[in-house]
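# What the coordinates show
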Amino acid sequence: MHTATVFIELGSVILVLGLLGRIAGRYGFSPIPLYLLGGLAFGTGGLLPLSASEEFVATGAEIGVVLLLLMLGLEYTAADLVTNLKAQYPAGAVDFLLNAIPGALAALLLGWGPVAAVVLAGVTWISSSGVIAKVLGDLGRLGNRETPVILSILVLEDLAMAVYLPILTALLAGAGLVAGSITLAIALATAGAVLFVALRYGRLISRFVSHDDPEKLLLVVLGLTLLVAGIAQQLQVSAAVGAFLVGIALSGEAAEGAHTLLSPLRDLFAAVFFVFFGLSTDPTSIPPVLLPALLLAAVTAVTKVATGYWAARRAGIATRGRWRAGGALVSRGEFSIVIAGLAVTAGIEPGLGPLATAYVLILVVTGPLAARYTQPAVERLGAVFARRRGAWVPEARTGGAAAGVAAGAAAVVASGVASGPAAEVVLPVQGAGVEPVEDSPDAEDVLDPGPDQALDGLSR
């Protein structure tokens, strides 16, 4: 009878997830907020709380985290990571300072202590690679000059996870300074060793894993990933980091084949993970933290826009491309929930899970809108200033850039979604390889990226 109940509950949850995913696809937005809401509905205090299948869902959620990080690692090679570290580390540092510090300060102001501050800093720091990649494709911006800058920042955030997660794991486990230092040293040594092996022997590893039979390739890659993730967890390094490093070590046909075979599994278990996070959160605990979540979302939306603007300006991108880069980075999603989920499991702070849920729900919905409307909204504000003052200089080449970014981004967040894109005439660009869309950028921003701006090796 217990087995029958488990099947009924699991079948109901997965069916609802499928329907929610279809609704999200129909209206062109990320299904993550719907999955979180579904978890809230099935969790404690929800409409239809689960009982028999919660343990299985918890295990499935852990597998979902592992597969999310594995698939992320498959997108990059060790050489890509080294190249991006050398070229874009200043942008990564600015990204950390502008977006992690507000989260840490918010936790301290709420009286949650230093460990919760480290957790919330990670939640507000990391953008959603999955949501942003989909938005860029939907808006036809994959060929834009600012896109390599956006992707470089995302890669640096993913790399930082390899250092951040072991530190967080040690803090959540209550490890002291010595134990935490040892854990971090082990994590860095492991990551360094994997990168070295991937650089020197990546082809051999991929040749060993690769196979013409999809079944055998799937079993070998999945088994290797779970094995390494388990060993990493045993060493207090984090299963997610272990899976990420396995993905980096694979390249060529092995990576492409594994990506194709594992994508459906990743989608299934990732959806289960978001549901489990919702299950762990009592819906009645969200209203008390809704105001702090809104304030934190508004502040970190502005800081992400400023980050993208600064990074694009440093790369020599025109003004319109800078605003598009900033707006594209606003979305938070899967990895913010992963970080918060670790803290919820450890029982650090009861209010942290609800705050993170509300925060991600806000930004995963408004993020795609910010990507679409930030640049047109800034241009409309510029037109208003031009009418009032008689002239408006859209690009300040000397001084005042930070103030201009903050003011423009704050106006976008405060005023909500603009009524539509700025009126403009868009001319087709020869050889751009991008179909003109409603908010298509100027020709100077659509040309194929040069070698100094391209993110080499994104697709193998």
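Rules used in this analysis
Residues numbered from 1 in each chain as written. Predicted model: local features only at pLDDT ≥ 70, side-chain atom pairs only at ≥ 80, totals over all residues. Heavy atoms only, no water. Helix = DSSP H or I, 4+ residues; strand = E, 2+ residues; numbered from the N terminus. Contact = heavy atoms within 4.5 Å. Areas by Shrake-Rupley, 256 points an atom, 1.4 Å probe, with all protein chains shown as cover. Polar contact = N/O pair within 3.5 Å; in protein donor to acceptor, adjacent residues only side chain to side chain. Patch = residues over 30% accessible without salt bridge, like charges linked within 9 Å, V, L, I, M, F, W, Y side chains within 5 Å. Salt bridge = Lys/Arg side-chain N within 4 Å of Asp/Glu carboxyl O. Buried < 20%, exposed > 50% of the residue type's maximum accessible area, 1.4 Å probe, protein only. Axes fitted to C-alpha atoms, helices over the stretch in contact; angles between N-to-C directions. Parallel < 35°, antiparallel > 145°, perpendicular 65-115°, else oblique. Left-handed = near helix turned anticlockwise from the far one by under 90°. Nonpolar A, V, L, I, M, F, W, Y, C, P; charged D, E, K, R; others polar. Phe/Tyr/Trp six-rings, centres within 6.5 Å; stacked < 30°, edge-to-face > 60°. Lys NZ or Arg CZ within 6 Å of the ring centre and 35° of its normal. Core = buried A, V, L, I, M, F, W, Y, C linked by side-chain atoms within 4.5 Å.

## What about the overall build of the chain?
The number of helices and strands found in the chain is 17 helices and zero strands. The contacts of the chain with a sequence gap of at least 6 include a subset with a gap of at least 24, amounting to 83%. Surface exposure of the chain reaches about 20,800 Å², of which carbon and sulfur atoms provide 67%.

## Things to note about the environment of tyrosine 359
Note on placement: tyrosine 359 falls in helix α15 (residues 352-389). A C-alpha to C-alpha distance of 8.9 Å links tyrosine 359 and valine 123, two positions 236 residues apart in sequence. Dropping the residues within four chain positions of it, tyrosine 359 is found in contact with Val123, Thr124, Ala293, Leu296, Ala297, Thr300 and Arg332. Within the structure, tyrosine 359 has its side chain in polar contact with the side chain of threonine 300 (distance 2.8 Å).

## Focus on the environment of threonine 366
When you line up the elements, threonine 366 lands in helix α15. Separated by 69 residues in sequence, threonine 366 and alanine 297 have C-alpha atoms that sit 9.6 Å apart.

## Some words on a nonpolar patch on the surface
Judged by side-chain polarity, Phe96, Leu97, Ile101, Leu105 and Leu108 come together as a nonpolar surface patch covering roughly 450 Å² of accessible area. The exposure class of leucine 105 is partly exposed, given its relative accessible area of 47%.

## With respect to helix α2 (residues 32-42)
The buried fraction of α2 amounts to nine of the eleven residues, a majority that puts the element mostly inside the structure. Of all the positions in α2, only Ile32, Pro33, Leu34, Tyr35, Leu36, Gly38, Gly39, Leu40 and Phe42 are classed as buried.

## Thoughts on the packing of helix α9 (residues 214-234) against helix α10 (residues 239-249)
Where α9 meets α10, the closest approach of the two axes is 7 Å, and the angle between their N-to-C directions is 140 degrees. With respect to their mutual orientation, α9 and α10 come out oblique. Like other packed secondary-structure pairs, α9 and α10 cross with a definite hand, here right-handed. In this structure, α9 contributes Leu224, Thr225, Val228, Ala229, Ala232 and Gln233 to the contact, and α10 contributes Ala239, Gly242, Ala243 and Val246.

## So, the packing of helix α5 (residues 114-125) against helix α14 (residues 334-346)
Between α5 and α14, the shortest axis-to-axis distance is 8 Å and the interhelical angle comes to 165 degrees. In terms of orientation, α5 and α14 fall into the roughly antiparallel class. Seen along the crossing, α5 lies across α14 with a hand that is left-handed. Residue-level contacts link Val119, Gly122 and Val123 of α5 to Ser336, Ile339, Ala340 and Ala343 of α14. Across the contact of α5 with α14, the residue classes break down as five nonpolar, two polar and no charged.

## So, the packing of aromatic side chains
One pass over the structure, following the stated rule, counts three aromatic pairs. Seen in terms of ring centroids, tryptophan 125 and tyrosine 164 are 6.2 Å apart; in terms of plane orientation they differ by 90 degrees. Their pairing is edge-to-face. With tryptophan 125 in helix α5 and tyrosine 164 in helix α7 (residues 147-172), the pair connects residues that are 39 residues apart, well separated along the chain. Residue tryptophan 125 is classed as buried on the basis of its relative accessible area, which comes to 9%. Among the aromatic side chains, those forming a connected cluster through ring pairs are Phe96, Trp125 and Tyr164. Between arginine 372 and the ring centre of tyrosine 373, over which it is positioned, the NZ or CZ distance is 5.1 Å.

## A closer look at the environment of alanine 106
Mapped onto the fold, alanine 106 is located in helix α4 (residues 78-109). Sequence spacing of alanine 106 and alanine 121 is 15 residues, and the spatial spacing of their C-alpha atoms is 8.7 Å. Ignoring any residue separated from it by four or fewer positions in sequence, one finds alanine 106 in contact with Leu120 and Leu296.

## Overview of the nonpolar core
In terms of nonpolar packing, the biggest core is built from 114 residues, with Leu69 and Leu120 touching the most fellow members. The residues touching leucine 69, leaving out its near neighbours within four places in the chain, are Ala240, Ala243, Phe244 and Phe335.

## Notes on the side chain of threonine 147
Residue position: threonine 147 is located in helix α7. On the basis of relative accessible area, threonine 147 is assigned to the buried category, the value being 2%. Sequence-distant contacts of threonine 147, defined by excluding residues within four places in its chain, comprise Leu136, Arg141 and Leu142.

## What about the pattern of salt bridges?
All chains considered together, the criterion is met by six salt bridges. Of the charged contacts, one joins lysine 304 and aspartate 95 as a salt bridge, the two residues approaching to 2.8 Å between their closest N and O atoms. Residue lysine 304 is located in helix α12 (residues 287-314), and its partner aspartate 95 is located in helix α4; the two are separated by 209 residues in the primary sequence. Across the pair, exposure class does not vary: lysine 304 and aspartate 95 are buried alike. What emerges from the salt-bridge pattern is a single network uniting Asp95, Glu157 and Lys304.

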